[in-house]
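Tertiary structure, described
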Amino acid sequence: GYRTKGKGLLAYEGARVELRSSVLVGNRDGITATQGSSVVLHDVFVAGSYDKGIGVSAALVQGSRVHVLANGRGFEGRGKAPNGDGLRAGLGGRIELEDSRIAGNGDSGVAVLEGSAATLRRVLVEGNLGRPTAVAAGGSLRVE
């Protein structure tokens, strides 16, 4: 729709969202959390999005059993995606995932920009077209 700009899920302006047992396929972005929102994911598949799988900007995303697969590979006739990462945290965003998989995405599996953080517990990051993880100076990635 107009407001979501083709996102599978858009949480903004302090929204609190919990998504369970869901599949988001073929969107522009799979999930976007921004502007102080908070998103909790359980048993969620995010796959085949034109651009990033999960993006968080000035917000928090937490999840378990989240599968972020084959996002950011573009669509035929639209060219390469600008931010084809599986997970992307920026502008003070935080991502915390456990027991999850990030695979086959068009750029980095996990990208953490300055001032942002990601914590991965028992998360398999494999087969992404870019680096498995990309962490900017001033960003934080914790893998357990």
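What you see is a predicted model; the values in this text were computed from it and never measured.

**Notes on the pairing of strand S7 (residues 87-90)**
- Where strand S5 (residues 54-57) lies against S7, four bridges are found, and the strand directions are parallel. Directly across from Ile54, in S7, lies its bridge partner Leu87.
- Pairing between S7 and strand S9 (residues 110-112): three bridges, direction parallel. What sits directly across from Ala89, in S9, is Val112.

**A closer look at the sheet that holds strand S4 (residues 38-47)**
- Within the open sheet, the six strands sit side by side as S2-S4-S6-S8-S10-S12. Their pairing is parallel. Since the sheet does not close on itself, it has two edges, and those belong to strand S2 (16-25) and strand S12 (140-143), each with one partner. Adjacent strand axes in the sheet meet at a mean angle of 15° when their direction is disregarded.
- Two strands pair when backbone bridges link them, and S2 and S4 are joined in this way by nine bridges, in the parallel orientation. Across the sheet, the residue bridging to Val17 is Val39, located in S4.

**Description of the nonpolar core**
- Judged by nonpolar contacts, the single largest core of 26 residues is most densely connected at Leu41, Ile54, Leu87 and Leu97.
- Counting residues per element, this core draws most heavily on S4, which supplies four residues.
- Excluding its chain neighbours within four sequence positions, the residues that come into contact with Leu97 are Gln62, Gly63, Val66, Leu87, Ile102, Thr119, Leu120, Arg121 and Val123.

**As for the layout of surface pockets**
- In this structure, the largest pocket encloses a volume near 170 Å³.
- If you trace the largest pocket, you find 13 residues lining it, with Thr32, Lys52, Gly55, Val56 and Ser57 closest to the centre.
- Listing elements by their share of the lining of the largest pocket, those giving two or more residues are strand S3 (29-34), S5 and S7.

**Some words on unusual backbone geometry**
- Positive phi, close to 55°, is recorded for Glu13, a residue that is not glycine.
- The exposure class assigned to Glu13 is exposed, which follows from its relative accessible area of 61%.
- Even without being glycine, Arg122 reaches a positive phi, approximately 55°.

**Notes on the sheet that holds strand S11 (residues 133-135)**
- Read from one edge of the open sheet, six strands run S1-S3-S5-S7-S9-S11, paired in parallel fashion. Single-partner strands in this sheet number two, and they are strand S1 (7-11) and S11. Across the sheet, the mean angle separating the axes of adjacent strands is 5° when strand polarity is ignored.
- Note that S3 and S5 share four bridges and pair parallel. Pairing of Thr32 across the sheet is with Gly55, part of S5.

Cut-offs and rules
Residues numbered from 1 in each chain as written. Predicted model: local features only at pLDDT ≥ 70, side-chain atom pairs only at ≥ 80, totals over all residues. Heavy atoms only, no water. Pairing = 2+ DSSP bridges. Helix = DSSP H or I, 4+ residues; strand = E, 2+ residues; numbered from the N terminus. Axes fitted to C-alpha atoms, helices over the stretch in contact; angles between N-to-C directions. Core = buried A, V, L, I, M, F, W, Y, C linked by side-chain atoms within 4.5 Å. Buried < 20%, exposed > 50% of the residue type's maximum accessible area, 1.4 Å probe, protein only. Contact = heavy atoms within 4.5 Å. 1 Å grid on protein atoms, 1.4 Å probe; cavity = no way out; pocket = protein on both sides within 12 Å on 5 of 7 lines; lining within 4 Å. Points joined across faces, edges and corners; volume = space filled by probe spheres on them.

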